[in-house]
Amino acid sequence: MTNNRNQGKVLTLVVLISGSGSNLQSIIDAIAAGTVNARIAAVISNRTDAYGLERAANAGIETIVEPHQQYSDRKQYDQVLARHVDSFSPELIILAGFMRILSPWFVTRYSGKILNIHPSLLPKYKGTNTHQRVIDAGETEHGASVHLVTEQLDGGPIVIQARVPVERDDDVESLRKKVLEQEHLIYPEAIKLFAQGRVRTE
Ligand code: GRF
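Here the structure is a predicted model, which is why all the values come from computation and not from measurement.

About the thresholds
- Residues numbered from 1 in each chain as written.
- Predicted model: local features only at pLDDT ≥ 70, side-chain atom pairs only at ≥ 80, totals over all residues.
- Heavy atoms only, no water.
- Helix = DSSP H or I, 4+ residues; strand = E, 2+ residues; numbered from the N terminus.
- Rg over C-alpha atoms; globule rule 2.2 N^0.38 Å.
- Buried < 20%, exposed > 50% of the residue type's maximum accessible area, 1.4 Å probe, protein only.
- Salt bridge = Lys/Arg side-chain N within 4 Å of Asp/Glu carboxyl O.
- Contact = heavy atoms within 4.5 Å.
- Axes fitted to C-alpha atoms, helices over the stretch in contact; angles between N-to-C directions.
- Parallel < 35°, antiparallel > 145°, perpendicular 65-115°, else oblique.
- Left-handed = near helix turned anticlockwise from the far one by under 90°.
- Nonpolar A, V, L, I, M, F, W, Y, C, P; charged D, E, K, R; others polar.
- Near = heavy atom within 4 Å.
- Polar contact = N/O pair within 3.5 Å; in protein donor to acceptor, adjacent residues only side chain to side chain.
- Areas by Shrake-Rupley, 256 points an atom, 1.4 Å probe, with all protein chains shown as cover.

**Looking at the overall build of the chain**
Moving on, step 1. Per the secondary structure count, the chain includes 6 helices and 7 strands.
Moving on, step 2. Reading the secondary structure of the chain in the N-to-C direction produces β-α-β-α-β-α-β-α-β-α-β-β-α.
Moving on, step 3. The C-alpha radius of gyration of the chain comes to 17 Å, within 12% of the 17 Å expected for a compact globule of 202 residues.
Moving on, step 4. By principal-axis analysis of the C-alpha atoms, the chain measures approximately 50 × 45 × 40 Å.
Moving on, step 5. A total of 202 residues make up the chain; the buried ones form 48% of that total.

**Here's the deal with the pattern of salt bridges**
Moving on, step 1. Under the criterion given, the structure shown has 7 salt bridges.
Moving on, step 2. Note that D86 and R109 form a salt bridge whose closest N and O atoms lie 2.4 Å from each other. You can see D86 sitting in helix α3 (residues 74-86) and its partner R109 sitting in helix α4 (residues 104-109), a full 23 residues away along the chain.
Moving on, step 3. With a relative accessible area of 31%, D86 lands in the partly exposed category.
Moving on, step 4. Here R109 falls in the partly exposed class, since its relative accessible area comes to 44%.
Moving on, step 5. Between E173 and R176 there is a salt bridge; the shortest N-O distance is 2.9 Å.

**Describing helix α1 (residues 22-32)**
Moving on, step 1. Along α1, 8 of the 11 residues are buried, which leaves the element largely enclosed by surrounding structure.
Moving on, step 2. Taken as a whole, α1 has its buried residues at S22, N23, L24, S26, I27, I28, A30 and I31.
Moving on, step 3. Where α1 is buried, its residues meet β1 (11-17), β2 (38-45), α2 (51-58), β4 (92-95), β5 (114-118) and α6 (172-195).
Moving on, step 4. The positive-phi residue at the C-terminal boundary of α1 is G34, with phi of around 85°.

**Quick notes on the packing of α1 against α6**
Moving on, step 1. Their axes nearest at 9 Å, the elements α1 and α6 cross at an angle of 50°. Taken together, the axis directions place α1 and α6 in an arrangement best described as oblique. As α1 packs across α6, the resulting crossing turns out to be right-handed. Note on element contacts: α6 touches α1 through L180, E183, H184, Y187, P188 and I191, opposite S22, N23, S26, I27 and A30.
Moving on, step 2. Looking at the contact of α1 with α6 residue by residue, the class counts come to 6 nonpolar, 4 polar and 1 charged.

**Focus: the environment of E183**
Moving on, step 1. With respect to the secondary-structure elements, E183 resides in helix α6.
Moving on, step 2. Under the relative-accessibility criterion, E183 is labelled buried at 7%.
Moving on, step 3. On a C-alpha basis, the gap between E183 and S45 in space is 20 Å, while along the polypeptide they are 138 residues apart.
Moving on, step 4. In contact with E183, not counting residues within four places along its chain, are N23, I117, P119, A144 and P188.

**As for unusual backbone geometry**
Moving on, step 1. Of note, the bond from L122 into P123 is cis; its omega dihedral lies within 30 degrees of zero at 10°.
Moving on, step 2. Of note in this structure, Y125 is not a glycine but carries a positive phi near 55°.
Moving on, step 3. Positionally, Y125 belongs in the loop between β5 and α5 (130-136).
Moving on, step 4. The exposure class of Y125 is buried, given its relative accessible area of 17%.

**Quick word on the site of the ligand**
Moving on, step 1. Around the ligand lies a shell formed by S20, G21, S22, N23, G97, I117, P119, L180 and E183.
Moving on, step 2. Residue G21 places a main-chain N or O atom 2.8 Å away from an oxygen atom belonging to the ligand.
Moving on, step 3. Contacts to the ligand include S22, whose side-chain N or O atom sits 2.5 Å from an oxygen atom.
Moving on, step 4. For the ligand, whose accessible area on its own is 370 Å², the fraction buried by protein is 81%.
Moving on, step 5. Those elements that provide at least two residues to the shell around the ligand are α1 and α6.
Moving on, step 6. Its residues assigned to classes, the shell around the ligand comprises 3 nonpolar, 5 polar and 1 charged.

Structure (structure tokens):
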């Protein structure tokens, strides 16, 4: 087992989720294994029923639920979100299945400090339903991308990608599974690169 705990400063993370949190789990596991030199200070969800909240609690990580329904305005919600985030002073914000578009205000505030994972080989297939669209287009290759978040939806600089072949008998579910397996490898890897100071925007 590689142990990087003694190499430099521990990167403080806040992870934002909305659902299952399998990517969150892969990050928790990579930190526990010592392959990523980081600490998850808190997990914040906009949904009370997100299973990822249980994963966080099981790992002893502080959780916050901030439902978005009571806010009519996107920026208003994001200002509340930012107050939570700032209380942990993270060096990096991880979007792990956080199903909300962040306002330009939020993205600018944390410029260069927000990572997202997207189930496609960006810049192809931004947005939703990527697996179905890949099948419909007859692609032979698909994958996942970790990128820095900018004001352009799914359009920020790419940190790392993983590719999977699309077979003739693949359907949305089989592709989702194949891509998700790769996501669980590349998201911890991207955070590791960030922690090592190897992610820079110019
Ligand atoms: C993943 O497919 C990710 O690419 C997308 O949302 C999904 C989150 O899955 N952004 P999980 O909650 O990490 O299991």
